[in-house]
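Remarks on the overall topology
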Amino acid sequence: MKIKFYKYEDTKTEIISDGTACMTIKDKTTGKYYEVPVNESNCKNFEKISWDIKENYHSFLLLCIYWGAFIVLTLMNIYMSVVASIIDKVLIEEFFLALMIYLFLFIIFHELGHLYMLHITGRKPNKIGFKFNYIFPSFYVQINEILMLDKIQKLYIHSGGLMTSLIMNVGTYVMGCIFHINVLMAVSTYMSVTIVYNMIPLLNSDGYKILITLMNKAEKKGAKNNCLLISSIRVINILFTIAYTIAFFLNIIND
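So, here is what we can say about the structure in this document. (Residues numbered from 1 in each chain as written. Predicted model: local features only at pLDDT ≥ 70, side-chain atom pairs only at ≥ 80, totals over all residues. Heavy atoms only, no water.)

The subject of this paragraph is the overall build of the protein chain. Along the backbone of the protein chain there are seven helices and seven strands. In the protein chain, the succession of helices and strands from N to C terminus is β-β-β-β-α-β-α-α-β-β-α-α-α-α. Contacts in the protein chain between residues far apart in sequence, at least 24 positions, make up 61% of those at least 6 positions apart. Counting every atom, the protein chain has about 15500 Å² of accessible surface; 67% of that belongs to carbon and sulfur. (Helix = DSSP H or I, 4+ residues; strand = E, 2+ residues; numbered from the N terminus. Contact = heavy atoms within 4.5 Å. Areas by Shrake-Rupley, 256 points an atom, 1.4 Å probe, with all protein chains shown as cover.)

Take a look at the structure:
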C-alpha cells in the first residue's frame, strides 16, 4: 500500500498535506497548529519554499496481521462479555479488590499503547492527564503532533490503546482458564464490556477517533465548523449524557 503526501519542514515551520482538501501548518516557534484550505494561490506560495514529495511505504502484510489480530481479539472480547461471564462465581469482596488492581494496570497499559505507537513515528505527547469527558471521568494522552502524520500512522496511534487492552484482557482471561483462577476470568470478562464500549464512536472514544480518521474528517474547536458526521455524534453524545444522568438520579430516588 502506498501513501503519497506533501511535506515541508524548516527550522520554523512544518507543513503536511494530502494535496487535496487542506494543509496543516505547525508553527515551531509558538507550538500552534493551523489548517489552511488547498488552493492555487497558496500552492504557488509553497512552491517558493519547495515542496518535498515523500512516499511512505507500509507493509501490506504487517497491516493485515495487525488488523487481523485486532478483529480476532475484538471477537474474543465480545464472546467473553456475552457468553463467558462467571462473575457470580466469585466472592464480591475478592472481585472488587482484583478489579481495582486490574483497572489501575489496565489504564496504564492502555495509554502506553497509544504512546508506543506515537514513539514509533518519532513524535512525542503534549500532555498526559485526567479530565471529564462530558460527565464521565477519563485519563487521556494529548497528541497534537498527530496532526502532522499521515492517515495510516494516525490509525495505528488511535488503535494502539485498544490493541494493548485487547491483548491484556484476552491474555488475563486465558491465564484464568489455564490455571483455574476464577477471579482473573471474572475481571477480564467485566472489562471486556468496557473495551467494546470504547470502540463505539461516542464520547470522544478511540472508536470515534478511528472512524473520523478513516473518513478523513477532523474535529474543529468551533462547533459550527464541523462536518455533519461530527456534529451528529456530538448531539448524540449530549443526548446520551442527559439520558444517563436522568436515569442515574431516578434510580437513586427509586431506591
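From this point, things continue past the structure.
If you check helix H2 (residues 60-82), its first and last C-alpha atoms are 33 Å apart, about what 23 residues at 1.5 Å a residue would give, namely 33 Å. Among the residues of H2, Leu63, Tyr66, Phe70, Leu73, Thr74, Asn77 and Met80 are the ones counted as buried. Taken together, the buried residues of H2 touch helix H3 (92-120), helix H4 (151-179) and helix H5 (182-199). (Expected span 1.5 Å × (residues − 1). Buried < 20%, exposed > 50% of the residue type's maximum accessible area, 1.4 Å probe, protein only.)

On to the packing of H2 against H5, then. Here H2 crosses H5 at 125°, and the two axes come no closer than 8 Å. As summarised for this structure, H2 and H5 are arranged oblique, according to the angle between their axes. Read as a crossing pair, H2 and H5 show a hand that is left-handed. For the pair H2 and H5, the contacting residues are Phe70, Thr74, Asn77, Ile78, Met80 and Ser81 in the first and Ser188, Thr189, Ser192, Val193, Ile195, Val196 and Met199 in the second. Taken together, the residues that form the contact of H2 with H5 break down as seven nonpolar, six polar and no charged. (Axes fitted to C-alpha atoms, helices over the stretch in contact; angles between N-to-C directions. Parallel < 35°, antiparallel > 145°, perpendicular 65-115°, else oblique. Left-handed = near helix turned anticlockwise from the far one by under 90°. Nonpolar A, V, L, I, M, F, W, Y, C, P; charged D, E, K, R; others polar.)

Here we take up the pairing of strand E2 (residues 13-17). As a general feature of sheets, a regular strand has side chains that alternate between the two faces. A large share of E2 lies buried, amounting to four of its five residues. Here E2 runs beside strand E3 (residues 22-27); their pairing, made up of five bridges, is antiparallel. Across the sheet, the residue bridging to serine 17 is methionine 23, located in E3. (Pairing = 2+ DSSP bridges.)

Glancing now at unusual backbone geometry. Backbone geometry places leucine 203, a non-glycine residue, at a positive phi of 55°. You can see leucine 203 is positioned in the loop between H5 and helix H6 (206-214). Within the chain, asparagine 204 stands out as a residue other than glycine whose phi angle is a positive 60°. Tracing the backbone shows asparagine 204 in the loop between H5 and H6.

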